[in-house]
Amino acid sequence: IKIILPSPLEQQDVMIATQLMVECSLGTLSFYQPYLSLLPKEVPRLDTFQEEELNLLADTQLQELARQSLGQLTRLFFESIETIVQKAGASLGASSALIESCGSSFESFHRFVAIASSHSMILDGSKYLVPMADMINHSPMNDNKSGESFLSFHQRGERTGAIRIAADRATISGAQIFEEYGRLDNSLYLLAFGFVPPDNPHHCATITLPHIANPQLHDVLDALDIRNDS
């Protein structure tokens with residue numbers, strides 16, 4: 001598959017989504033059918049937002065990213081992915097009805113791209129779907145003193161390729177397990193996972209400054225209307 005997208009991670013989303021569509025078209029013939037049956041039917045993602053929803057963001061950069069992403073995925077699906085999934089499914093013995101429902105609509109492709117984006121774990125620059133572990137819901141650690149990152153609790157063995165997931169906090173027996181997906185700004189959570197955490201100690205604001213030639217610190221402070229009265 002020749003995939004031309006700005007980011008290698010976006011390319012991996014499309015490749016994973018394409019394989020999931022093929023597996024979906026195989027139905028019970030697929031080894032992954034039990035896993036596929038547990039995946040959500042709808043997955044919010046920035047490029048699934050309607051125009052009125054994008055306008056509520058009041059962020060021209062995010063709005064443009066959403067429109068560009070939707071346009072790229074739409075072109076890619078109708079130029080190559082649809083044909084690839086149909087041919088692969090047919091060659092593996094999938095029924096025409098399942099190929100039609102799993103591989104012949106942009107909505108199906110968009111759903112699996114969103115699943116790949118929101119459920120996969122990024123380890124050493126590569127994305128992995130880890131059944132069951134990839135369904136753990138997010139909650140921040142709220143421990144700014146901790147220097148441990150996402151990669152401290154998610155590791156892939158070099159020899160076996162097995163992925164080991166460790167809890168990043170104590171959990172009471174019988175209670176739901178949570179984990180922190182990463183110390184990210186809210187806009188990155190929206191882009192990657194399709195939601196905004198209600199409580200995110202790592203959120204930051206984007207400030208747009210006017211152009212200043214050869215800026216000095218006092219110029220930046222003036223542009224931000226910050227005064228130093230000391």
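Whatever comes next refers back to the structure up there.
How each quantity is defined
Residues numbered from 1 in each chain as written. Predicted model: local features only at pLDDT ≥ 70, side-chain atom pairs only at ≥ 80, totals over all residues. Heavy atoms only, no water. Helix = DSSP H or I, 4+ residues; strand = E, 2+ residues; numbered from the N terminus. Buried < 20%, exposed > 50% of the residue type's maximum accessible area, 1.4 Å probe, protein only. Areas by Shrake-Rupley, 256 points an atom, 1.4 Å probe, with all protein chains shown as cover. Expected span 1.5 Å × (residues − 1). Bend = angle between axes of the 7 residues up to and from the residue. Contact = heavy atoms within 4.5 Å. Axes fitted to C-alpha atoms, helices over the stretch in contact; angles between N-to-C directions. Left-handed = near helix turned anticlockwise from the far one by under 90°. Nonpolar A, V, L, I, M, F, W, Y, C, P; charged D, E, K, R; others polar. Phe/Tyr/Trp six-rings, centres within 6.5 Å; stacked < 30°, edge-to-face > 60°. 1 Å grid on protein atoms, 1.4 Å probe; cavity = no way out; pocket = protein on both sides within 12 Å on 5 of 7 lines; lining within 4 Å. Points joined across faces, edges and corners; volume = space filled by probe spheres on them. Core = buried A, V, L, I, M, F, W, Y, C linked by side-chain atoms within 4.5 Å. Parallel < 35°, antiparallel > 145°, perpendicular 65-115°, else oblique. Arc of directions from axis to C-beta.

Novice: Could you give me a rundown of the overall build of the protein chain, with the residues and numbers involved?
Specialist: In terms of helices and strands, the protein chain carries nine helices and six strands. Out of the 230 residues in the protein chain, the part that is buried amounts to 36%. Total accessible area on the protein chain is roughly 14,200 Å²; 55% of this is exposed by carbon and sulfur atoms.

Novice: Could you give an account of unusual backbone geometry, with specific residues and numbers?
Specialist: Phi angles above zero are rare outside glycine, and Ala 58 is one such case at about 55°. For Ala 58, a relative accessible area of 68% gives the class exposed. The phi angle at Asp 124 is positive, at roughly 55°, despite the residue not being glycine.

Novice: An account of helix H4 (residues 60-91) is requested, with residue identities and associated values reported.
Specialist: Taking 1.5 Å per residue, 32 residues should reach 46 Å; H4 reaches 44 Å between its end C-alpha atoms and fits that length. Along H4, the largest kink reaches about 55° and is centred on Phe 77. Here H4 has its buried residues at Leu 62, Gln 63, Ala 66, Ser 69, Leu 73, Leu 76, Phe 77, Ser 80, Ile 81, Val 85 and Gly 89. Buried residues along H4 sit in contact with helix H1 (8-26), helix H3 (51-57), helix H5 (96-103), helix H6 (106-119) and helix H8 (186-193).

Novice: Give a description of the packing of H1 against H4 that names residues and reports values.
Specialist: Where H1 contacts H4, the axes come no closer than 10 Å and their chain directions differ by 35°. Note on packing geometry: the crossing formed by H1 with H4 is right-handed. Together, Glu 10, Val 14, Thr 18, Met 21, Val 22, Ser 25 and Leu 26 of H1 and Gln 72, Leu 73, Leu 76, Phe 77, Ile 81, Ile 84, Val 85, Ala 88 and Gly 89 of H4 make up the contact between the two elements. Considered class by class, the residues forming the contact of H1 with H4 number eleven nonpolar, four polar and one charged.

Novice: Outline the packing of aromatic side chains, listing residues and values.
Specialist: Summed over the entire model, instances satisfying the criterion amount to eleven aromatic pairs. Aromatic pair Tyr 189 and Phe 193: ring centres 5.5 Å apart, planes at 45°, arrangement tilted. Linking Tyr 189 with Phe 193, this pair stays in helix H8, spanning four residues, or about one helical turn. Residue Tyr 189 is classed as buried on the basis of its relative accessible area, which comes to 1%. Both rings, one in Phe 193 and one in Phe 195, keep their centres 6.3 Å apart while their planes meet at 40°; by these two values the pair is tilted.

Novice: Provide a residue-level description of the layout of surface pockets, including the pertinent values.
Specialist: By volume, the largest pocket amounts to about 1,000 Å³. Along its surface, the largest pocket is lined by 39 residues, and Ser 117, Leu 188, Leu 191, Ala 192 and Phe 193 are the ones closest to its centre. Elements supplying a minimum of two residues to the lining of the largest pocket: H1, H4, H6, strand E1 (121-123), strand E3 (137-138) and H8. For the lining of the largest pocket, the leading source of residues is H4, giving five residues. Taken together, the residues that form the lining of the largest pocket break down as 20 nonpolar, twelve polar and seven charged.

Novice: Give a description of the nonpolar core that names residues and reports values.
Specialist: The biggest cluster of nonpolar side chains holds 24 residues, and the ones touching the most others in it are Met 21, Ile 81, Phe 109 and Phe 112. At the level of secondary structure, the elements contributing two or more residues to this core comprise H1, helix H2 (33-38), H4 and H6.

Novice: Which residues make up the packing of H1 against H6, and what are the values?
Specialist: Between H1 and H6, the least distance of the axes is 8 Å, while the angle of their chain directions is 120°. Considering their axes alone, H1 and H6 lie oblique with respect to each other. The crossing of H1 and H6 is right-handed. In this structure, H1 contributes Asp 13, Val 14, Ile 16, Ala 17, Leu 20, Met 21 and Cys 24 to the contact, and H6 contributes Ser 108, Phe 109, Phe 112, Val 113, Ile 115, Ala 116 and Ser 117. In terms of residue class, the contact of H1 with H6 is made up of eleven nonpolar, two polar and one charged.

Novice: Tell me about H5, and name the residues and values.
Specialist: Turning to H5, its buried residues are Ile 99, Cys 102 and Gly 103. Projection of H5 onto a plane perpendicular to its axis shows the buried side chains occupying an angular sector of 85°, all on one side. The exposed set on the far side of H5, more than 90 degrees from its buried face, consists of Ala 97 and Glu 100. For H5, the elements touching its buried residues are H1, H4 and H6.

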